[in-house]
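Now for the letters of each chain:
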Amino acid sequence: MSTENYEKLEKSINNMKEKLSRIYFMVQDTKGNAKASVRYIYQMAITLKRAGYNAIILHEKPEYTGVSSWLDESYMIELEHRPIEGTSLEISPDDLIIIPEIYGFIMDQITKLPCGKIVLSQAFDHIFETLQPGQSWSQLGFYKCITTSNKQKELIESVMRSVSVDVIEPAISEGFQKNEFPPKTIINIHTRDQRETANFIKTFYVKYPQYRWVTFRDMRGLSEKEFANALSECFCSVWMDPTSSFGTFPLESMKCGVPVIGLAPSMTSEWMNEDNGIWVGNRNQVLDVMVEFLHNWLEDNIADKLYEGMEKTSSQFSNMENFTKTIKSLFERYTITRLGNFQEQLNKLQETETTK
Amino acid sequence: MEQTLDLSVILPIKSAVAKDFADYFDKAIKSLKNQQLGFKELIIVHSSEENLVNHLKSYDFENLKVILVQYKETPNYSEQINSGVKKAKGKYVSFFEFDDEYATIWFKNAQKYIDVYPQVDAFLPLVIDVDEKNAFNGFTNEATFAANMTSEIGVLTNETLLSYQNFQTSGMVVKKQIIEDFGGFKKSIKLTFGYELFLRLTYNNVRIMTIPKIGYKHMNMRDGGIFWNYKNGSEVMTENEVKFWIESAKKECYFTQDRGIKYVATEN
């Protein structure tokens, strides 16, 4: 028995040293729609893959749409994809499995799997959605968490006390750039619920018929490239996603030089300030504030300070080099810590054998 | 050297007898003085009316370069504009009315768009229409942005014009060469002379774009104005005549020269 354990430990140590250990990233099937939270996971996985780690994408069902249509084909080619359903997942103690917080039921299912487990939390509002009352991540064997901001880290730590939280701030892709041509009379609109988009647009045309020539663009269903191009053509963006905890869309908009009129989310992102956007506290006022912005924009009456603030903020989240560096260094740290644990176990086993 | 827009503004004036003329005129000229980007010259093509001549001669235009051109024949808006264009030294020309105002940002934006879209021949402002009390009536030229009106946002096409007529030539910044090549306003065409010009230009593939910035304030139906006269004044038109001029514009746009169109009233 001890020889078997000894061999297993040695194999795990070797796997980790050789970067053969699997790092599974669970993703949801967006059915071809662009989704910043899924892109973030893919970016993390591909960064590790390119750094020599054995990163693998896990999806629920064998029929998985993939991300070729909206993100990039390279993610599908470079990264191995495996379904959970219908296959038995290969797992060894040195493997890591990273699961978004929305998959509480999967966390529950894999509690007993003998591997490293990490929660990936991008939206604080969702962390209890799929957990039973009184249930916490640590009870399910998840003692580590990766999140997107220090604010979220604080909140998570305040409720999941036994979980240690690391932060990897998302980076906005290089595809988001300012347009070389002046903006058109188009408003990007991004809401969590599509009905809200429709209501907003209909209310606008009824309340402000003099502006019926202004066009809205719902950004759903576009590839990332199309999304970035479409975004950059517009003169402003409307963002109403109160449960968002990071706010990728407004940052993408800012990077394209397009001001954002946003409903301030319940958990205001750290980067949000009065200089980089127009943040409205009351949902019912967003439309009127947007129309005021429209009127000012038509009269060239938008303060330069806003554009400067947008530039300053978006540049903080545009450094892909930093993003990949943070990912690599975090996973190196995980590997070192876990290697230390395995080595310690091995040493103990050796000591026991020697004592015998 | 300070940058200026290579533009001649053409301002035709028929009479200073119009109600509140001095006040309107002053506001119009101030809107030129207050431009955030300067321009080449203001050409005022005026009638021989003594009051008007005296007013213009005594008015303080300050730093504006003003050329007064006396139009000796019976004053006519179209012909006055055309003669102003002939005198213009700017690469671009713009048509102005004494009861209107340019937005202070207009020439600056025109220059910005000229730099970005050198292939575009004419730029229309987003026009705010007001009544005599300065109350907002609506926008003009905005239809080029409407999703169901045009295939390319902001671009005025012949197809759009055939289904919608409400576009405004005043305030437009157009290459002088375009007017020389395809002709200016046609004197014989009443009511729809601006519409006919747009149809003619777009028929000849002249590229016209509306800049999505408020560039011009236009007074609608000023008592004594050209269009007021067609509706309420000495040249009042019947519904049939209005239709005639719209249809004539659609037919005459194929001809560069003015073919001397006349409306002959017929009994129903």
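Residues numbered from 1 in each chain as written. Chains lettered and ligands numbered in written order. Predicted model: local features only at pLDDT ≥ 70, side-chain atom pairs only at ≥ 80, totals over all residues. Heavy atoms only, no water.

Draft legend 1. Representation of the nonpolar core within the structure. Residues and elements named next belong to chain A. Grouped together as the largest cluster of nonpolar side chains are 55 residues, with contacts concentrated most on Phe200, Phe204, Tyr211, Trp213 and Met290. It is helix H9 (residues 286-298) that provides the largest number of residues to this core, a total of eight residues. Not counting the four nearest positions on each side in its chain, methionine 290 is found in contact with Ile187, Phe200, Phe204, Phe216, Cys236, Val238 and Ile261. (Core = buried A, V, L, I, M, F, W, Y, C linked by side-chain atoms within 4.5 Å. Buried < 20%, exposed > 50% of the residue type's maximum accessible area, 1.4 Å probe, protein only. Helix = DSSP H or I, 4+ residues; strand = E, 2+ residues; numbered from the N terminus. Contact = heavy atoms within 4.5 Å.)

Draft legend 2. Quick look at the interface of chain B and chain A. Between chain B and chain A, the contact holds 17 residues from the first and 16 residues from the second. Counting each side, the surface lost to burial between chain B and chain A is near 1,500 Å², with a carbon and sulfur contribution of 68%. It is Phe139(B), Ile153(B) and Lys213(B) that lose the most area in chain B upon contact with chain A, and together they represent 29% of the buried surface on that side. Between Asp300(A) and Lys213(B) there is a salt bridge, with the nearest N and O atoms lying 2.9 Å from each other. For the pair chain B and chain A, the interface holds five residue pairs in polar contact (both at pLDDT 80 or more). Of all elements in the fold, only helix H4 (106-116), strand S7 (136-140) and strand S10 (208-219) of chain B reach the threshold of two or more residues within the side of chain B that touches chain A. Looking at the side of chain B that touches chain A, the element that brings in the most residues is H4(B), giving four residues. (Buried area = accessible area lost by both parts, 1.4 Å probe. Salt bridge = Lys/Arg side-chain N within 4 Å of Asp/Glu carboxyl O. Polar contact = N/O pair within 3.5 Å; in protein donor to acceptor, adjacent residues only side chain to side chain.)

Draft legend 3. Representation of the layout of surface pockets. For the largest pocket, the calculated volume is near 1,600 Å³. Residue lining of the largest pocket: 49 residues in total, with Leu191(B), Phe193(B), Ile226(B), Phe227(B) and Tyr230(B) positioned closest to the centre. Residue assignment for the lining of the largest pocket shows that the elements contributing at least two residues are strand S1 (4-13), helix H3 (77-87), helix H7 (193-203), S10, helix H8 (226-231) and helix H9 (239-252) of chain B. Of the residues belonging to the lining of the largest pocket, the class tally is 21 nonpolar, 18 polar and 10 charged. Estimates place the volume of the second largest pocket at around 1,000 Å³. Lining the second largest pocket are 45 residues, and of these Lys35(A), Ala36(A), Ser37(A), Arg192(A) and Asp241(A) lie nearest its centre. Sorting the residues of the lining of the second largest pocket by element identifies helix H2 (36-50), strand S8 (184-191), helix H7 (224-232) and helix H8 (248-255) of chain A as the ones contributing at least two each. Counting residues per element, the lining of the second largest pocket draws most heavily on H2(A), at six residues. Partitioning the lining of the second largest pocket into residue classes produces 21 nonpolar, 14 polar and 10 charged. (1 Å grid on protein atoms, 1.4 Å probe; cavity = no way out; pocket = protein on both sides within 12 Å on 5 of 7 lines; lining within 4 Å. Points joined across faces, edges and corners; volume = space filled by probe spheres on them. Nonpolar A, V, L, I, M, F, W, Y, C, P; charged D, E, K, R; others polar.)

Draft legend 4. Highlighting the sheet that holds strand S1 (residues 22-26) of chain A. Residues and elements named next belong to chain A. Across the sheet, seven strands lie side by side as S3-S2-S1-S4-S5-S6-S7; this open sheet has parallel pairing. The open sheet terminates on both sides in strands that have one partner only, identified here as strand S3 (80-83) and strand S7 (164-167). Along the sheet, successive strands turn relative to each other by an average axial angle of 25 degrees, direction set aside. Pairing analysis gives four bridges linking strand S6 (residues 144-147) to S7, with the strands arranged parallel. Residue pairing for S7: cysteine 145 is matched across the bridge by valine 165. Packed onto the sheet, helix H5 (residues 150-159) meets strand S5 (116-121), S6 and S7 and runs at close to 170 degrees relative to S7. (Pairing = 2+ DSSP bridges. Axes fitted to C-alpha atoms, helices over the stretch in contact; angles between N-to-C directions.)

Draft legend 5. Broad picture of the environment of Val69(B). Residue and element names in this part refer to chain B. Checked against the element boundaries, valine 69 lands in strand S3 (residues 66-70). For the pair valine 69 and leucine 161, spaced 92 residues apart in sequence, the C-alpha to C-alpha distance is 33 Å. With residues up to four places along the chain from it excluded, the contact list for valine 69 reads Ile43, Ile44, Val45, His46 and Lys87.

By themselves, these observations are geometric and do not establish any function.
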